Amino acid sequence: MTNKQPIGVFDSGIGGTTILKELIKELPNEDFIYYADTINAPYGEKSKEEIIALCVKNVNWLLNKGCKLIVVACNTATTNAISYLREHYDVPFIGIEPAIKPAALHSKTQNIGVLATKGTLSSPLFHKTMKTHASDVKIHEVIGKGLVRHMEQGDFDSLTLRNLLNSYVSPLLEKQIDFLVLGCTHYPYLIPLLKEMLPSEVLIIDSGLAVAKQTSRILKKEVLKCQNDNSIGKICFFGNGTTELLKIIQKTHFIDYKTLLIDN
Ligand code: DGL
C-alpha cells in the first residue's frame, strides 16, 4: 500500500456523494474513486446477510482499482457490515453512523429525532451507540421508508416526496425535538425541504464532516496520506446501474474538481 493510491468511497447510490463532498474539502490532494451500487439500491430494507454480501462485492471492486483506504459512505452498510469488513480485510475502513453523540451532548429539550433506514435503526451497532452516548436523552426514531427510492429516481422535491417526508417529520415536532439527526447519507440532499418543514430552533445534523476528519486522522496514522500538496486530486465516479443521476450530481456538486464518470 502506498500513499499515492486512491481512496475508495461506496454507497448504495448517490447518498455517499454527500460524504465525498466533505472528504474533498478536508483532503483536496487525494484521488478518490466513488462507487454507486445503483442496481442494488436501496440497501435500507435488505437483511444483514444481503448487506454484508453487497459490501464485500463493493470492497473487492474498489480494491481491484487499487484503493488504499475505504470509506463506507452509507449508514446502513456501516451499521450492518463494518465489523465483518474489518475482520476480513487488511485495508483501513472508515464507517459512518448517525451523529447521535453530538446531538445528545447539546440537546436542551433532551429529545432528539433520528431519521434513518430500517437497516440502520434495527442494527445492534446503532443500539449500542445509543446506549453508550445517548442514554440520558429520548431518541425518537423514524424510518425514512421510500425516501431513497425517490431520490435514486432523481426526485428531490416532488409533492409526493414532500408529503412523504412531512409525514415522517411532523410527529417528531410533537415530541419537542431540538435536533434532527440525518442517519442516511442520501438525506442531506433533502435539507432544503427539511428547512421548510422544521422550525428554525430544530438543528439538522449529519456525520459528513466528522467522517472526513476521521479519514484524515487515519490516513496520517497509517502513513497513507498523499504528500503531493501542490495539485488537486481527481475523482472518478463509477455506477453499475444507470449513471444519469450520478452525472447530474457530478456536474452540480463537483464542478471545480477534475472528475471522470465511467459507467461500469
Ligand atoms: N445512503 C445509505 C445510508 O446511509 C443507504 C440508503 C439505502 O440504500 O437504503 O443508509
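Here the structure is shown first, and the text comes after it.
So, here is what we can say about the structure in this document. (Residues numbered from 1 in each chain as written. Predicted model: local features only at pLDDT ≥ 70, side-chain atom pairs only at ≥ 80, totals over all residues. Heavy atoms only, no water.)

### Considering the packing of helix H2 (residues 48-64) against helix H3 (residues 75-88)
Formally: Axes, fitted as lines to C-alpha atoms, cover a helix only where it is in contact. Angles between the N-to-C directions of the axes lie from 0 to 180 degrees. For the purposes of this entry, the term helix denotes a DSSP run of H or I that reaches at least four residues, the term strand denotes a run of E that reaches at least two, and both are numbered from the N terminus. Comment on the angle field: the value is read as roughly parallel under 35 degrees, roughly antiparallel over 145, roughly perpendicular from 65 to 115, and oblique elsewhere. Crossing handedness is read from the near helix: turned anticlockwise from the far helix by less than a right angle, it gives a left-handed crossing, and turned clockwise, a right-handed one. A contact between two residues is defined here by any heavy atoms of the two lying within 4.5 Å. Each residue is assigned to one of three groups, with Ala, Val, Leu, Ile, Met, Phe, Trp, Tyr, Cys and Pro labelled nonpolar, Asp, Glu, Lys and Arg labelled charged, and all others, Gly among them, labelled polar.
As a packed pair, H2 and H3 sit with axes 9 Å apart at the nearest point and diverge in direction by 70 degrees. The angle between H2 and H3 falls in the class roughly perpendicular. Both H2 and H3 take part in a crossing whose hand is right-handed. Facing Lys48, Ile51, Ile52, Cys55, Val56 and Val59 of H2, the residues of H3 in contact are Thr76, Ala77, Asn80, Ala81, Tyr84 and Leu85. Of the residues contributing to the contact of H2 with H3, the split by class is 9 nonpolar, 2 polar and 1 charged.

### Let's talk about the site of the ligand
The cut-off we apply is this: Put simply, a residue is near a molecule or strand once any heavy atom of it comes within 4 Å of that molecule or strand. Think of a polar contact as two N or O atoms within 3.5 Å of one another; within protein, one of them needs to be a possible hydrogen donor and the other a possible acceptor, and neighboring residues in sequence only count if both atoms come from side chains. To measure how exposed things are, a 1.4 Å probe is used in the Shrake-Rupley method; for residues, cover is taken only from the protein chains shown.
Taken together, 13 residues form the shell around the ligand, and within it Ser12, Tyr43, Gly44, Thr76 and His186 come nearest. A distance of 3.0 Å separates a nitrogen atom of the ligand from a polar atom in the side chain of Asp11. In the complex, 99% of the free accessible area of the ligand, which totals 300 Å², lies under the protein chains. Residues that form the shell around the ligand fall into these classes: 5 nonpolar, 7 polar and 1 charged.

### Notes on the packing of aromatic side chains
Selection rule: Pairs were defined over the aromatic rings of Phe, Tyr and Trp, the Trp ring being its six-membered one, requiring ring centres within 6.5 Å. Orientation was assigned from the angle between planes: stacked under 30 degrees, edge-to-face over 60, tilted for the rest. Partly exposed residues are those whose accessible area sits between 20% and 50% of the maximum for their type, while under 20% is buried and over 50% is exposed, using a 1.4 Å probe and protein chains only.
Applying the stated criterion across every chain, the model contains 6 aromatic pairs. Geometrically, the ring pair formed by Trp61 and Phe238 is edge-to-face, given 4.7 Å between the ring centres and 70 degrees between the ring planes. Residue Trp61 is found in helix H2, and its partner Phe238 is found in strand S9 (residues 234-239); the two are separated by 177 residues along the sequence. A single burial state applies to Trp61 and to Phe238, both of which are buried.

### With respect to the sheet that holds S9
Applied cut-off: DSSP-based pairing: two strands are paired if at least 2 bridges between them are found.
Taken in spatial order, the 6 strands make up an open sheet running S4-S3-S1-S2-S9-S10, and their pairing is parallel. Where the open sheet ends on each side, the last strands, each with one partner, are strand S4 (93-94) and strand S10 (258-262). When strand S1 (residues 7-11) meets strand S3 (residues 69-72), the two strands line up parallel, connected through 4 bridges. Across the sheet, residue Val9 finds its bridge partner in S3, namely Val71.

### Considerations on the nonpolar core
Threshold: Buried Ala, Val, Leu, Ile, Met, Phe, Trp, Tyr and Cys residues that are joined via side-chain atoms within 4.5 Å together make up what is termed a nonpolar core.
Counting 49 residues, the largest nonpolar core has Val9, Leu20, Phe32, Val71, Leu165, Leu180 and Leu190 as the members making the most contacts within it. The dominant element in this core, judged by the number of residues it contributes, is helix H8 (residues 159-173), at 5 residues. Not counting the four nearest positions on each side in its chain, Val9 is found in contact with Gly16, Leu20, Leu23, Phe32, Ile33, Tyr34, Tyr35, Leu62, Val71 and Ala73.

### Observations regarding the pattern of salt bridges
Note the following rule: By convention in these notes, a salt bridge is any Lys or Arg side-chain nitrogen within 4 Å of a carboxyl oxygen on Asp or Glu.
Applying the stated criterion across every chain yields a total of 7 salt bridges. Between Glu244 and Lys247 there is a salt bridge, with the nearest N and O atoms lying 3.4 Å from each other. Within this pair, Glu244 and its partner Lys247 are both found in helix H11 (residues 244-253), separated by 3 residues, close to a single helical turn. The class for Lys247 is partly exposed, based on a relative accessible area of 28%.

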